[in-house]
Amino acid sequence: MGLPGSISHGKERTIPMEQKSLVAPDILSAFGLSPACPVLPLKGGHINDTFLVEDQGKFTLQRINRFVFARPQDIMENITGVTEFLRKKILARGGNPDRETLNIRRTVDGAVLYTDREGEPWRCMTYVDGASSRETVESAAMLREAGRAFGEFQKLLSDYPAHTLHETIANFHNTPERFRQLMDAVRGDKGGRVSQVGPELAFAAQREGSCSLLTDLLKEGKLPLRVTHNDTKMSNVLMDDATGKALCVIDLDTVMPGLAAFDFGDSIRTGATTAAEDEADLSKVHFDLGLFEAYGEGFLSAAGDALTPLELETLPDGAILMTFEVGIRFLADYLNGDVYFRTAYPEHNLVRARNQFRLVEEMEQSRSQMGDILRRHL
Ligand code: GN1
Ligand code: MG
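Remember, it's a predicted structure, so these values are computed and weren't measured experimentally.

It is worth spelling out the packing of helix α10 (residues 289-303) against helix α14 (residues 367-376) at this point. One way to put it is that α10 packs onto α14 with a least axis distance of 9 Å and a crossing angle of 40 degrees. Where α10 crosses over α14, the two elements pack in a sense that is right-handed. Across from Leu289, Phe292, Glu293, Gly296 and Leu300 in α10, the residues of α14 making contact are Gln369, Met370, Ile373, Leu374 and Arg376. Class assignment of the residues belonging to the contact of α10 with α14 gives a composition of 6 nonpolar, 2 polar and 2 charged.

Take a look at the structure:
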């Protein structure tokens, strides 16, 4: 299980021979797994590489992207702390922590990471059978469940000592800083593509002033810092195949102190849309208020009473900002020559950026309706 990197359990495929060498025998042995056991790559996620391994049970083996995460040890300390904390809370409420949170499998030496001969960091987690994550939303009911799962995650961690968490990626959801990074990418023009993105840069520039809306409220002490997940997309919730209920929040690489509105907003970005993040046909890409309501209802049912009035009021702004932020990150990566996000074709990041900007436009037009909807579910 495990599935950091938004892995879709539904997309297992047989490992081609040439990829088999990607998991060298010493890596399997390090985690006490047989070097001869079956290994399947799991697709999904833009950052890490993930494999399903079967050896007296199923395990998720993952190579952590060193380019993105400079200090894998810090990630693992965060994940260990948070999952052990969640385990106790889940047990206390009579739940099953083996299925309701991630569980780290240590190396035979008791470490949470193994560094292979190439210096690549690996980790292992138990795999939850009979559960899967989805790249796209299949029903409002599913989205309501995802909202409940992330709402519970937020609530269960509301008394976790947030200051003990490492900031695994500096300025991860610092939208003004992301805007500066876009400007750096424009100046550098490493991919030689600036001339192709005039309309997209104009779109971004028009919104520069709104970038700091929530980070300013944080600085002014008006919004509290929470333990946040920071990658709350639909594919980071495992659903129980038997019941259709949300089971477990996965991909804890970016658990850090952050704003509740950012977690909420990133879910809306990926959940309340009618198309995949990289749908190129913009006539198919719409922000859906019905889906927004479904997520909001689930989220507030679990976390509503843990949030302050200003946090509740700014949840829709989080949706707009998170969608804008990832849009400018895709655009910056396009200009930098596709060095960060995994891409399948040359325009992939540009397509993603345009897709996100389309959603931003529609969300801006629906800002007041979003507020009305959330107030109905308080
Ligand atoms: C990356 O790898 P994945 O799919 O979990 C990214 C998120 C973006 C997302 C866009 C560490 O997440 O911030 O929202 O792509 N994660 C990192 O699909 O940068
Ligand atoms: Mg992720």
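Judged by nonpolar contacts, the single largest core of 96 residues is most densely connected at Ile268, Phe292, Tyr295 and Phe324. Among the elements that line this core, the one with the most residues is helix α12 (residues 315-335), at 13 residues. Excluding anything up to four places from it in sequence, Phe292 contacts Phe264, Ile268, Ala272, Phe287, Met370, Ile373 and Leu374. Counting residues in each nonpolar core, the second largest holds 14 residues, with Val23, Leu33, Val39 and Phe51 among its members.

A few words on empty space enclosed by the protein. In the structure shown here, the tally under the stated rule is 2 cavities of 30 Å³ or more. Along the wall of the largest cavity there are 26 residues; nearest its centre are Ile47, Phe172, Asp231, Lys233 and Phe341. Among the elements of the structure, α9 (260-271) and α12 are those that each provide at least two residues to the lining of the largest cavity. The element that contributes the greatest number of residues to the lining of the largest cavity is α12, accounting for 5 residues. Looking at the lining of the largest cavity, its residues break down into 9 nonpolar, 8 polar and 9 charged. What the second largest cavity holds in volume is close to 40 Å³. What lines the second largest cavity is simply Leu223, Leu259, Ala260, Ala261, Glu311, Thr314 and Leu315.

Distances from the magnesium ion (ligand 2) to its protein donors, Asp231 (OD) and Asp251 (OD), fall at 2.0 Å. Placement of Asp231 in the loop between β9 (226-228) and β10 (237-240) and of Asp251 in the loop between β11 (246-249) and β12 (256-258) is noted, with a sequence separation of 20 residues between them. The same class applies to Asp231 as to Asp251, namely buried.

In the region of ligand 1, 19 residues are neighbours, and Asp231, Lys233, Glu277, Arg329 and Tyr340 sit closest. The separation between an oxygen atom of ligand 1 and a polar side-chain atom of Arg269 is 3.2 Å. In this structure, Arg329 approaches ligand 1 through a side-chain N or O atom, which is 2.8 Å from an oxygen atom. About the coverage of ligand 1: the protein hides 98% of its 440 Å² of free accessible area. Put simply, ligand 1 lies in the largest cavity.

Read from one edge of the open sheet, 3 strands run β8-β10-β11, paired in antiparallel fashion. Whereas interior strands pair on both sides, the edge strands pair on one side only; in this sheet they are β8 (131-132) and β11. Summarising the sheet, β10 and β11 pair through 3 bridges and their orientation is antiparallel. Considered in β11, the bridge of Met239 is made with Ala246. Helix α5 (residues 140-156) contacts β10 and β11 of the sheet and is inclined by roughly 45 degrees relative to β11.

Helix length check: helix α3 (residues 72-92) (21 residues) gives 30 Å between terminal C-alpha atoms against 30 Å at 1.5 Å per residue, within 8%. Among all positions in α3, only Pro72, Asp74, Ile75, Met76, Asn78, Ile79, Thr80, Val82, Thr83, Phe85, Leu86 and Ile90 are buried. Those residues of α3 that are buried lie in contact with α4 (97-100), β5 (104-105), β7 (121-126) and α5.

All right, on to unusual backbone geometry then. Even without being a glycine, Gln56 presents a positive backbone phi close to 50 degrees. Examined against the element boundaries, Gln56 turns out to sit in the loop between β3 (49-54) and β4 (58-63). Note on Gln56: relative accessible area 81%, which makes it exposed. A positive phi angle, near 70 degrees, is found at Asn230, a position not held by glycine. Along the chain, Asn230 falls in the loop between β9 and β10.

Our focus in this paragraph is the packing of aromatic side chains. Given two aromatic rings, their pairing is described by the distance between the two centres and the angle made by the two planes. All chains considered together, the criterion is met by 12 aromatic pairs. Seen from their ring centres, Phe264 and Phe292 are 5.9 Å apart, and the 90 degrees between their planes marks the pair as edge-to-face. Linking Phe264 in helix α9 with Phe292 in helix α10, this pair joins segments that are 28 residues apart in sequence. Taken individually, Phe264 and Phe292 each receive the classification buried, so the pair is uniform in this respect.

As for its position among the elements, Asn236 is in the loop between β9 and β10. A distance of 3.3 Å separates the side chain of Asn236 from the side chain of Asp251, its partner in a polar contact.

Criteria and cut-off values
Residues numbered from 1 in each chain as written. Chains lettered and ligands numbered in written order. Predicted model: local features only at pLDDT ≥ 70, side-chain atom pairs only at ≥ 80, totals over all residues. Heavy atoms only, no water. Axes fitted to C-alpha atoms, helices over the stretch in contact; angles between N-to-C directions. Helix = DSSP H or I, 4+ residues; strand = E, 2+ residues; numbered from the N terminus. Left-handed = near helix turned anticlockwise from the far one by under 90°. Contact = heavy atoms within 4.5 Å. Nonpolar A, V, L, I, M, F, W, Y, C, P; charged D, E, K, R; others polar. Core = buried A, V, L, I, M, F, W, Y, C linked by side-chain atoms within 4.5 Å. Buried < 20%, exposed > 50% of the residue type's maximum accessible area, 1.4 Å probe, protein only. 1 Å grid on protein atoms, 1.4 Å probe; cavity = no way out; pocket = protein on both sides within 12 Å on 5 of 7 lines; lining within 4 Å. Points joined across faces, edges and corners; volume = space filled by probe spheres on them. Donors = N, O, S within 2.8 Å, 3.2 Å for Na, K, Ca; no water. Near = heavy atom within 4 Å. Polar contact = N/O pair within 3.5 Å; in protein donor to acceptor, adjacent residues only side chain to side chain. Areas by Shrake-Rupley, 256 points an atom, 1.4 Å probe, with all protein chains shown as cover. Sits in = over half its atoms within 2 Å of the grid points. Pairing = 2+ DSSP bridges. Expected span 1.5 Å × (residues − 1). Phe/Tyr/Trp six-rings, centres within 6.5 Å; stacked < 30°, edge-to-face > 60°.

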